[in-house]
Amino acid sequence: MSELHLSVRGLHKWYGAVHALRGLDLDIPKGQVVGLIGDNGAGKSTFIKILSGVHKQSEGQIFFEGKEAHIRKPRDAMDLGIETIYQYTAMVPEMSIARNVFIGREKRKWGIRGFGLLDQKAMAKEAMEAIADVGLHLRSADNPIKELSGGQRQGVAIARAMHFRSRMLILDEPTNHLSVKETNKVLDYVRQMREQGVTVIFISHNLHHVHEVTDRIVAFSRGEKVADLMTPDTDVTQMIDIIT
Ligand SMILES: Nc1ncnc2c1ncn2[C@@H]1O[C@H](COP(=O)(O)OP(=O)(O)O)[C@@H](O)[C@H]1O
Ligand SMILES: [Mg+2]
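Residues numbered from 1 in each chain as written. Chains lettered and ligands numbered in written order. Predicted model: local features only at pLDDT ≥ 70, side-chain atom pairs only at ≥ 80, totals over all residues. Heavy atoms only, no water.

**Notes on the sheet that holds strand β6 (residues 82–85)**
Part 1 of the reasoning: Across the sheet, six strands lie side by side as β6-β9-β10-β3-β11-β12; this open sheet has mixed pairing. Across the chains shown, the open sheet's two edge strands, defined by having one partner strand only, are β6 and β12 (224–230). Recorded for the sheet is a direction-independent mean angle of 15° between the axes of neighbouring strands.
Part 2 of the reasoning: Pairing between strand β3 (residues 33–37) and strand β10 (residues 199–203): four bridges, direction parallel. Within β10, the residue paired with L36 across the bridge is I203.
Part 3 of the reasoning: Helix α5 (residues 150–163) contacts β6 and β9 (168–172) of the sheet and is inclined by roughly 175° relative to β6. (Pairing = 2+ DSSP bridges. Helix = DSSP H or I, 4+ residues; strand = E, 2+ residues; numbered from the N terminus. Axes fitted to C-alpha atoms, helices over the stretch in contact; angles between N-to-C directions. Contact = heavy atoms within 4.5 Å.)

**Comments concerning the site of ligand 1**
Part 1 of the reasoning: Ligand 1 sits among Y15, V18, A20, D39, N40, G41, A42, G43, K44, S45 and T46.
Part 2 of the reasoning: Note that an oxygen atom of ligand 1 is positioned 2.8 Å from one of the side-chain N or O atoms of K44.
Part 3 of the reasoning: Between T46 and ligand 1, the recorded distance is 2.5 Å, taken from a side-chain N or O atom to an oxygen atom.
Part 4 of the reasoning: Here ligand 1 loses 61% of its free accessible area of 560 Å² to cover by the protein chains.
Part 5 of the reasoning: Of all the secondary structure elements, the ones that give two or more residues to the shell around ligand 1 are β2 (18–29) and α1 (44–51).
Part 6 of the reasoning: When residues of the shell around ligand 1 are assigned to their parent elements, the largest contribution, three residues, is made by α1. (Near = heavy atom within 4 Å. Polar contact = N/O pair within 3.5 Å; in protein donor to acceptor, adjacent residues only side chain to side chain. Areas by Shrake-Rupley, 256 points an atom, 1.4 Å probe, with all protein chains shown as cover.)

Right under this line is the structure:
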């Protein structure tokens, strides 16, 4: 068996009286593409938010490469090599594409008074290279993110993940509100990441997409894991049965 990337043990999350995760145990080997499915409110996003440092678990442990990880803020997740892509991905719309690529990892140069000035030029150049590497063609990295389409934004987020060699990519409903063409592009990105050996957790309501791009499918219902299957051993009809 290949090396484990992520293990969680007895993970619980309460939001006040709402018990959103009820003792989740899950092991994910390195490089596996896992589809996470389940009805609305099943706890999928809660799990992802705990991994990405948005929420703290109420109980339970998280291990990365065998070592216990204490993820208290998004920066901790970033340091573990986790990149999370939401429907409206973690970006600042008013800031330039380049600044968004380098968010939390800004390049600086030294000013005459010894202040660390942002090295906009170097960031713009490197951002354009990173974006071109994922096959996305944008005119300039100086334009604000808000001028991009949803699909282009996902592309920039993927470029960021690839450029900084994220070891785990989490996509939570990344294709909602995207055109068919843009959706196909996102699915292609997932395949690209898989080829590069990146571990992926892919959440989508579109079970056909999940079946197409994953190695394994895990289903949640009311905060619990209710199915865990290798993708070739299941089909969309069975997946629908499991989550309804
Ligand atoms: N920030 C929050 N505050 C209170 N309850 C929440 C919060 N986020 C999620 N929940 C509740 O937790 C449960 C799981 O939600 P969520 O993890 O978003 O499920 P999913 O992503 O599978 O649709 C739901 O009952 C939801 O209403
Ligand atoms: Mg969700």
